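Secondary and tertiary structure notes
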Amino acid sequence: MSSTDSRAAIFAAIRANRPNIQPPLPEVPLFDEKAPSDLVPAFSEMLVKMGGAVLDPQGLDSLSALRSAVAGKGIIATCVPELHGDPSLQIRQILPDMDPRSLSDVEIGVVRAAFGVAETGSLCLTDDELIVNTAGYLPQHLIVLLDPAQIVANLHNAYRRPEFREHNYAVFQTGPSATADIEGVLIHGAQGVRSLRVLFCPKQN
C-alpha cells in the first residue's frame with residue numbers, strides 16, 4: 001500500500017469511528033465587569049493616545065461646530081446629511097457610483113461611525129457609512145461623527161455587534177495613519193489620513 005493509500009485509509013477510519021456528538025462551544029466572557037458607566041471619557045482618552053483628537057464644539061451645537069471646522073478648508077467630501085445643502089462650503093457629495101479615485105483631491109472627509117470602542121479608541125466604519133470605501137483613507141484629514149450612545153466597552157462587545165455579519169465591508173479605524181518603521185521616525189499620513197478628529201454627535205433618526 002502506498003503512503004497516499006495509507007493516509008486515505010487512516011482518515012477514513014477516523015471519520016467512520018468519530019463520535020456523533022456536537023459539544024457546546026465554550027462561552028466567551030465579555031471582560032467588561034470593570035467598564036466605566038460613562039464610556040465617552042474612556043474612548044476620548046484612548047483616541048488621543050492613538051494620535052486622534054476630539055473636536056471641541058467650543059460652546060456651539062454639534063452642527064455649527066462641524067461647519068466651523070470645515071469652513072474655508074477646501075474640498076469637503078461627505079455623505080452625512082448634516083452638511084448637505086450648505087452653499088458656503090465646497091461639498092462633494094459621496095455617491096455609490098463615483099470613482100473611488102476621485103476622492104484623492106479631498107482636503108477633509110466627513111463620515112459617521114457605526115460605533116466606537118472605548119478600550120482602543122477605535123471607530124467602526126462600514127459600507128453604509130462610507131458609501132465609497134476610499135472615503136475613510138484618501139482625504140488628507142478625516143472628521144468622524146460618533147453617537148455617544150454607540151460606544152461599546154471593548155472589542156469583545158464590538159465583535160458581537162451586527163455590523164460584521166450584515167455588511168460587505170466593516171473596518172476598525174484607530175487614529176490617523178502612522179508609521180515609524182523607517183529609522184524610527186513617526187510619520188502621519190503615509191498610508192491614509194494625516195489627522196482624525198471625532199465629533200460626538202447623536203444620530204438623528
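The paragraphs below set out a description of the structure included in this document.

About the criteria used
- Residues numbered from 1 in each chain as written.
- Predicted model: local features only at pLDDT ≥ 70, side-chain atom pairs only at ≥ 80, totals over all residues.
- Heavy atoms only, no water.
- Pairing = 2+ DSSP bridges.
- Helix = DSSP H or I, 4+ residues; strand = E, 2+ residues; numbered from the N terminus.
- Core = buried A, V, L, I, M, F, W, Y, C linked by side-chain atoms within 4.5 Å.
- Buried < 20%, exposed > 50% of the residue type's maximum accessible area, 1.4 Å probe, protein only.
- Contact = heavy atoms within 4.5 Å.
- Polar contact = N/O pair within 3.5 Å; in protein donor to acceptor, adjacent residues only side chain to side chain.
- 1 Å grid on protein atoms, 1.4 Å probe; cavity = no way out; pocket = protein on both sides within 12 Å on 5 of 7 lines; lining within 4 Å.
- Points joined across faces, edges and corners; volume = space filled by probe spheres on them.
- Nonpolar A, V, L, I, M, F, W, Y, C, P; charged D, E, K, R; others polar.
- Salt bridge = Lys/Arg side-chain N within 4 Å of Asp/Glu carboxyl O.

A closer look at the sheet that holds strand β9 (residues 170-173)
- Spatially, four strands are ordered β8-β5-β6-β9 in an open sheet, and the strand pairing comes out mixed. If you trace the sheet from one side to the other, it starts and ends with β8 (151-152) and β9, each paired once.
- With three bridges connecting them, strand β5 (residues 115-117) and strand β6 (residues 122-126) associate as antiparallel partners. The partner of F115 across the bridge, within β6, is C124.

What about unusual backbone geometry?
- Residue F31 is not a glycine yet carries a positive backbone phi of 55 degrees.
- Mapped onto the elements, F31 comes out in the loop between α1 (3-17) and α2 (39-49).
- For I131, which is not a glycine, the phi torsion comes out positive at approximately 65 degrees.
- Mapped onto the fold, I131 is located in the loop between α4 (127-130) and β7 (141-146).

Some remarks on the nonpolar core
- Ranked by size, the top nonpolar core spans 27 residues in total, and within it F43, L123, V144, L146 and V198 carry the most contacts.
- Not counting the four nearest positions on each side in its chain, V198 is found in contact with F43, L47, A53, V54, L55, L123, V144 and L146.
- Counting residues in hydrophobic clusters, the runner-up holds 15 residues, among them L55, A69, L145 and L199.

Brief notes about the environment of T134
- As for its placement among the helices and strands, T134 is situated in the loop between α4 and β7.
- For T134, a relative accessible area of 22% translates into the label partly exposed.
- As a C-alpha pair, T134 and N157 span 23 residues in sequence and 26 Å in three-dimensional space.
- Here T134 is in contact with P100, L103 and P139, once residues within four sequence places are set aside.
- In this structure the side chain of T134 is engaged in a polar contact, spanning 3.0 Å, whose partner is the backbone oxygen of P100.

Quick look at the layout of surface pockets
- Computed from the structure, the largest pocket encloses a volume of approximately 180 Å³.
- Residue lining of the largest pocket: C79, V80, P81, E82, R112, D128, E129, K203 and Q204, and that is the complete set.
- By residue class, the composition of the lining of the largest pocket is three nonpolar, one polar and five charged.

Section: the pairing of β7
- The buried count for β7 comes to six of six residues, which makes it a mostly enclosed element.
- Across the two faces of β7 the burial is the same, with H141, I143 and L145 and L142, V144 and L146 all buried.
- Relative to strand β12 (residues 195-200), β7 is paired through six bridges, and the arrangement is parallel. Paired with H141 across the strands is S195, a residue of β12.

Observations regarding the pattern of salt bridges
- Applying the stated criterion across every chain, the model contains five salt bridges.
- Its salt-bridge partner being R101, residue D99 comes within 3.0 Å of it at the nearest N-O pair.
- In this structure D99 comes out as partly exposed when scored by relative accessible area, which is 34%.
- The class for R101 is exposed, based on a relative accessible area of 65%.
- Here E163 and R161 are joined by a salt bridge, their closest N and O atoms 2.9 Å apart.

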